[in-house]
Amino acid sequence: ASAFVVNLAVTFAGAMSVTGAFTPTGGVAAAGGFSASPRNCHTGGVPATQTTDGNDTTPSITETYIAEVFVPANCTVTGIAVLNGSAVAGNIKAALHDSTGAVLGSSASTAASGTDAYQKLDLSTPLAVVGPATYYVSQQCSSTSQRLNTHILGTFGASKKTGETYGTHTAITPPTTFTTAQGPIASLY
């Protein structure tokens, strides 16, 4: 058996232009054959920096709270960490939606735990998420005694969906504007 090696060097002398958009249907893998972690994917592109960040929001058990999150490269998402507020009560549930609003995966209903702290909610099945793309995190609470920390300001999509039933994540209309105190502060993992 014989093998040969071809070394190629490509040099551009000037500017390269591309007409149209390059849209990789399989997403973009992490550079250099490495893997990308979703741990730096935060709603609104901003993680909490203090335990009291955001608005200490009182939820309704018939509402789903929604915030946009950008995923820069293909990765595997195993859960969503939500920032609980000043009180924990009842159960909470989170889901990840694609840019059309369809539910990709959700967590089990989990007892709220840890005031002013991130609480990890494992998805029922890990998701192979394709990036770069926009996704949405949604959160539900089973008790009005629970508090969730929500974004106070931003330029990303943040809203809530009314008329919901706790524990059932349905398709959402992806928000295109920001509404204060509605988008949950959350991070993927």
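Here's a quick rundown of the structure. (Residues numbered from 1 in each chain as written. Predicted model: local features only at pLDDT ≥ 70, side-chain atom pairs only at ≥ 80, totals over all residues. Heavy atoms only, no water.)

Let's talk about the overall build of the protein
As a reminder of what qualifies: Helix numbers and strand numbers start at the N terminus; a helix is a DSSP run of H or I with at least 4 residues, a strand a run of E with at least 2. Relative accessibility decides the category of a residue: with a 1.4 Å probe and only protein chains considered, values under 20% of the type maximum give buried, values over 50% give exposed, and everything between is partly exposed. The contact criterion used throughout is that any non-hydrogen atoms of two residues lie within 4.5 Å.
A tally of helices and strands in the protein yields zero helices and eleven strands. Ordered by position from N to C terminus, the α and β elements of the protein give β-β-β-β-β-β-β-β-β-β-β. In the protein, which comprises 189 residues, the share counted as buried stands at 39%. Contacts in the protein between residues at least 24 apart in sequence constitute 83% of all its contacts with a sequence separation of at least 6.

Quick notes on the pairing of strand β4 (residues 91-97)
For clarity, the threshold we go by: Following DSSP output, two strands are said to pair if at least two bridges run between them.
Judged by how many residues are buried, β4 sits mostly within the fold: six of seven residues are covered. In this structure, β4 lies alongside strand β6 (residues 110-111), joined through two bridges in antiparallel fashion. Counterpart to isoleucine 92 in the pairing with β6 is threonine 110. Pairing analysis gives six bridges linking β4 to strand β8 (residues 133-141), with the strands arranged antiparallel. Paired with leucine 96 across the strands is valine 137, a residue of β8. Relative to strand β5 (residues 103-106), β4 runs antiparallel, the two sharing three bridges. Among the inter-strand pairings, leucine 96 is bridged to a residue of β5, identified as glycine 105. In textbook terms, the turn of a hairpin is the stretch between consecutive antiparallel strands, and for β4 and β5 this stretch comprises five residues, one of which, glycine 101, has a positive phi near 100 degrees.

Focus on the state of the cysteines
The condition is simple: Sulfur atoms of two cysteines make up a disulfide when they are within 2.5 Å.
Under the criterion given, the structure shown has zero disulfides. Cysteine cysteine 41 shares no disulfide, and the gap to the nearest cysteine sulfur, in cysteine 75, comes to 5.4 Å.

Details of the sheet that holds strand β3 (residues 75-83)
Note the threshold: Fitted lines through C-alpha atoms serve as axes, helices being fitted only where they are in contact, and the angles separating the N-to-C directions of these axes extend from 0 to 180 degrees.
On the basis of which strands lie adjacent, the open sheet formed by three strands has the order β7-β3-β11 and antiparallel pairing. The open sheet has two free edges, formed respectively by β7 (118-129) and β11 (186-188), since each of these has just one partner strand. With direction set aside, neighbouring strand axes in the sheet form an average angle of 20 degrees. In the sheet, β3 pairs with β11 via three bridges, with the strands oriented antiparallel. Counterpart to alanine 81 in the pairing with β11 is serine 187.

Re the side chain of asparagine 84
Convention followed: Pairing of N or O atoms within 3.5 Å defines a polar contact, subject to two protein rules: one partner must be a possible hydrogen donor and the other a possible acceptor, and residues neighboring in sequence count only if both atoms are side-chain atoms.
With respect to the element layout, asparagine 84 can be found in the loop between β3 and β4. For asparagine 84, a relative accessible area of 0% corresponds to the buried category. Separated by 3.0 Å, the side chain of asparagine 84 and the backbone oxygen of serine 113 make a polar contact.

Details of the nonpolar core
Note the threshold: We call a set of buried Ala, Val, Leu, Ile, Met, Phe, Trp, Tyr and Cys residues a nonpolar core when their side-chain atoms join them within 4.5 Å.
Among the nonpolar cores identified, the biggest contains 22 residues, and Ile80, Leu96 and Leu188 are the most heavily contacted of them. Listed by contribution, the elements that provide at least two residues to this core are β2 (64-71), β3, β4, β7, β8 and β11. Those residues within four positions of leucine 96 in sequence are excluded, and the remaining contacts are Val69, Ile80, Ala102, Val103, Leu104, Gly105, Leu127, Val129, Tyr135, Tyr136, Val137 and Leu188.

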